[in-house]
Amino acid sequence: MRRVQHQRHGAGHAPTCSRIYALTIASGSGASDVNGVAIRELDEQTNTVGALIATLPDSTNSATLAVSTNARRFFVADQNNRLRIFDMALGTWSSGGIFSGVTDRLVRMTVTSTGVGYAMDSGRNLWRFETASPYTVTSLGQLSATTAGAPSFNINGDFFADSSGKLYMISSATGSAAIDLWLVVPDTLRAEYLGRLSNPWPARSSTASPPAPAASTPATTRAAS
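In this text, all values refer to a predicted model and were calculated from it rather than measured experimentally.

K.L.:
Go over the overall build of the protein with me, naming the residues and quoting the values.
P.N.:
In terms of regular secondary structure, the protein is built from zero helices and 19 strands. Burial statistics for the protein: of 225 residues in total, 43% are counted as buried. Long-range contacts, defined as pairs at least 24 residues apart, comprise 48% of the intrachain contacts of the protein with a sequence gap of at least 6.

Structure, rendered in structure tokens:
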């Protein structure tokens, strides 16, 4: 599960990414493991895992990662559904609110350009969280589709937000080469289906090779300024 967010903004320029971060699994874990235990920087040019940012505290793990708009705070939801925050300037972890009523586990998370965080579990339940102390978590309810005949919300996927603060969701069935794209409106708990993105590699020449895998498999990634 990978997540990308464009965080840098400049007058008259489109948002760009200058750093990518990953929540990586433990060394030697299987490909199906989504229990991220450390935040690391990624090199998008070489597709390799770089410097360690922080190890999750108290032997916790997470399947979610979000970054503040200034890339100074990292947010995860641990296996106990507690919001955890790593402060880059202080080099310390703190705890926020609890995501109550979680189905299975939290699988999507992002922070919008307005500084509001959102998270979703595998049961379509949606939460909002604050990105400043005391890091309050608020349950919003269950997300539903507004588009007739739209595909299901699959566990595989993530949230991302654009520079205007709009929230999007990507979703994919296990083993599928396609990704479904949704526009999410948290205030109404509605999701509009925007269409399907196909894997470009099968359509290329048989002599072409897909990108090389990263040296350490990320559980989830986030790009930031």
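K.L.:
Give a detailed account of the sheet that holds strand β14 (residues 144-145), specifying residues and quantitative values.
P.N.:
Read across the sheet, five strands follow the order β14-β18-β17-β16-β15 without closing on themselves; strand pairing throughout is mixed. A single partner strand is all that each edge strand has here, and the edge strands are β14 and β15 (156-161).

K.L.:
Give me the nonpolar core: which residues, what numbers.
P.N.:
Counting 15 residues, the largest nonpolar core has Phe75, Leu83, Phe99, Leu106, Met109 and Phe129 as its most contacted members. Only β7 (73-77), β8 (82-87), β10 (106-111) and β12 (125-130) provide two or more residues apiece to this core. For this core, the element with the highest residue contribution is β10, accounting for three residues. For Phe99, the residues in contact, after removing those within four places along its chain, are Ala77, Asn81, Leu83, Leu106, Met109, Ala119, Trp127, Phe129 and Val137. Counting 13 residues, the second largest nonpolar core, distinct from the first, contains Met120, Leu143, Leu167 and Met169.

K.L.:
Go over the sheet that holds β12 with me, naming the residues and quoting the values.
P.N.:
Read across the open sheet, the four strands follow the order β10-β11-β12-β13; overall the sheet is antiparallel. The outermost strands of the open sheet, each flanked by one partner alone, are β10 and β13 (137-142). Sheet twist, expressed as the mean angle between neighbouring strand axes with direction ignored, is 20°. Here strand β11 (residues 116-121) runs beside β12; their pairing, made up of five bridges, is antiparallel. If you follow Ala119 over to β12, its bridge partner there is Trp127.

K.L.:
If you had to explain the side chain of Asn81 to someone new, which residues and values would you point to?
P.N.:
Checked against the element boundaries, Asn81 lands in the loop between β7 and β8. What makes Asn81 buried here is its relative accessible area of 18%. Discounting chain neighbours no more than four positions away, the residues touching Asn81 are Gly97, Ile98, Phe99, Val102 and Leu106.

Calculation rules
Residues numbered from 1 in each chain as written. Predicted model: local features only at pLDDT ≥ 70, side-chain atom pairs only at ≥ 80, totals over all residues. Heavy atoms only, no water. Helix = DSSP H or I, 4+ residues; strand = E, 2+ residues; numbered from the N terminus. Buried < 20%, exposed > 50% of the residue type's maximum accessible area, 1.4 Å probe, protein only. Contact = heavy atoms within 4.5 Å. Pairing = 2+ DSSP bridges. Core = buried A, V, L, I, M, F, W, Y, C linked by side-chain atoms within 4.5 Å. Axes fitted to C-alpha atoms, helices over the stretch in contact; angles between N-to-C directions.

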